[in-house]
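# Results of the structural survey
Each chain, letter by letter, is given below.
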Amino acid sequence: MDQQLDMINEAAIRHKKKAGNALIRLQFDLFQTEISQAIKIQPYLADLQTLKSVGKYLKNRFSAIAGIPDFLAQVWYDIPAAIDRSELTPGMGRYTDHLLAKAAQVKNVVTEQPFIDSRERLHHSCLLMAAGNYETARKHLLETLISTHPLRAGLWGYYGDVNVLLSNFPEAGKAYIRALILAPKQLDLFRLKSEELRHLYTTLRRKYSDAEARSLLLIIGWLEGIITIPKGGDWLAQQFKGLQDQLTQALPSNKHERWHRFSICLYLDQSKPIGQIDYEAREQMMELDRELFEKYLGKLEKDLKGF
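An account of the accompanying structure is given in this report.

The rules behind these values
- Residues numbered from 1 in each chain as written.
- Predicted model: local features only at pLDDT ≥ 70, side-chain atom pairs only at ≥ 80, totals over all residues.
- Heavy atoms only, no water.
- Helix = DSSP H or I, 4+ residues; strand = E, 2+ residues; numbered from the N terminus.
- Buried < 20%, exposed > 50% of the residue type's maximum accessible area, 1.4 Å probe, protein only.
- Contact = heavy atoms within 4.5 Å.
- Areas by Shrake-Rupley, 256 points an atom, 1.4 Å probe, with all protein chains shown as cover.

## Thoughts on the overall build of the protein chain
Secondary structure summary: the protein chain contains 16 helices and 0 strands in total. For the protein chain, the C-alpha atoms occupy an extent of roughly 75 × 40 × 35 Å along the three principal directions. By the burial criterion, 44% of the 307 residues in the protein chain qualify as buried. Taking the intrachain contacts of the protein chain between residues at least 6 apart in sequence as the baseline, contacts between residues at least 24 apart amount to 60%. Carbon together with sulfur atoms contributes 51% to the accessible area of the protein chain, which is approximately 16400 Å² in total.

Structure, rendered in structure tokens:
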């Protein structure tokens with residue numbers, strides 16, 4: 001009896017493997033044939049339903065998009081929304097990331113160009129990272145950030161992620177700060193590798209909207225000691241005068257924009273060399289949110305007493 005069961009499982013595993021290989025090659029008809037055979041032979045085989053659900057999701061997405069590079073980019077950015085729609089589970093989403101990386105290799109999508117798609121949404125380093133090629137991904141991301149795309153918040157987030165994976169935590173921290181300063185909404189929270197920031201976001205979401213929670217990440221992260229802003233840094237002044245120009249405009253009315261500007265002011269003040277204060281930034285912080293500003297001053301006083 002055990003020998004017969006082993007033979008049944010082995011046959012199902014063969015079809016499952018063929019289904020997985022077909023999915024990597026985006027051969028959806030062959031995938032459907034092989035996955036159906038595997039389910040028919042042994043419906044309770046491990047991860048079989050996960051593979052079936054991911055295959056269905058990819059086939060549905062593929063039918064509406066022309067071109068494999070654009071398809072991969074669209075799926076990459078749709079996965080978090082698919083999880084919110086309960087179309088995929090988080091585990092399925094992570095599995096799909098790895099599958100996309102393998103598909104990109106099989107289809108020779110990853111080239112010397114920074115982005116794989118026509119809209120320049122998906123950097124090829126994201127796929128390298130998903131495939132476990134961390135050092136190569138780090139190198140290519142940095143090349144793009146210091147040359148052509150220094151203001152892409154999402155790329156700074158991924159650069160933070162790959163440095164976490166390489167245990168280069170100071171560099172990761174600086175990258176995450178830049179992402180949150182530039183555009184918190186672009187930070188890929190589904191793939192975020194900083195456990196502390198991910199936990200903080202989850203905590204904030206219990207009370208605030210997504211946009212509000214994102215805009216609070218740098219502020220609350222700094223207040224709680226999760227984020228450290230290096231002294232004497234002039235990156236913001238060098239890279240994005242537009243962010244500082246925002247400080248001369250009328251105060252925004254909605255909370256997430258006010259808190260984002262508060263973050264910019266906090267960064268400007270904290271990045272000053274030791275002993276210097278940005279009084280204009282502090283005045284804006286007080287106007288933007290007096291309660292948060294009082295917490296800010298309270299932490300400064302506490303830190304000062306600690307010396």
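## Overview of the environment of Ala 131
Looking at the element boundaries, Ala 131 is found in the loop between α6 (124-130) and α7 (134-147). Along the primary structure Ala 131 and Leu 100 are separated by 31 residues, whereas in three dimensions their C-alpha atoms are 9.0 Å apart. The contacts of Ala 131, once residues within four sequence positions are left out, are Ala 101 and Gln 105.

## Examining unusual backbone geometry
Excluding glycine, a negative phi dihedral is what most residues carry, and trans is how most peptide bonds are arranged. Here the phi dihedral of Leu 26 falls at roughly 60°; this positive angle occurs in a residue that is not glycine. With respect to the helices and strands, Leu 26 occurs in the loop between α1 (2-24) and α2 (28-41). A positive phi angle is found at Asp 47, which is not glycine, with a value near 65°. Counting through the fold element by element, Asp 47 comes out in the loop between α2 and α3 (48-62).

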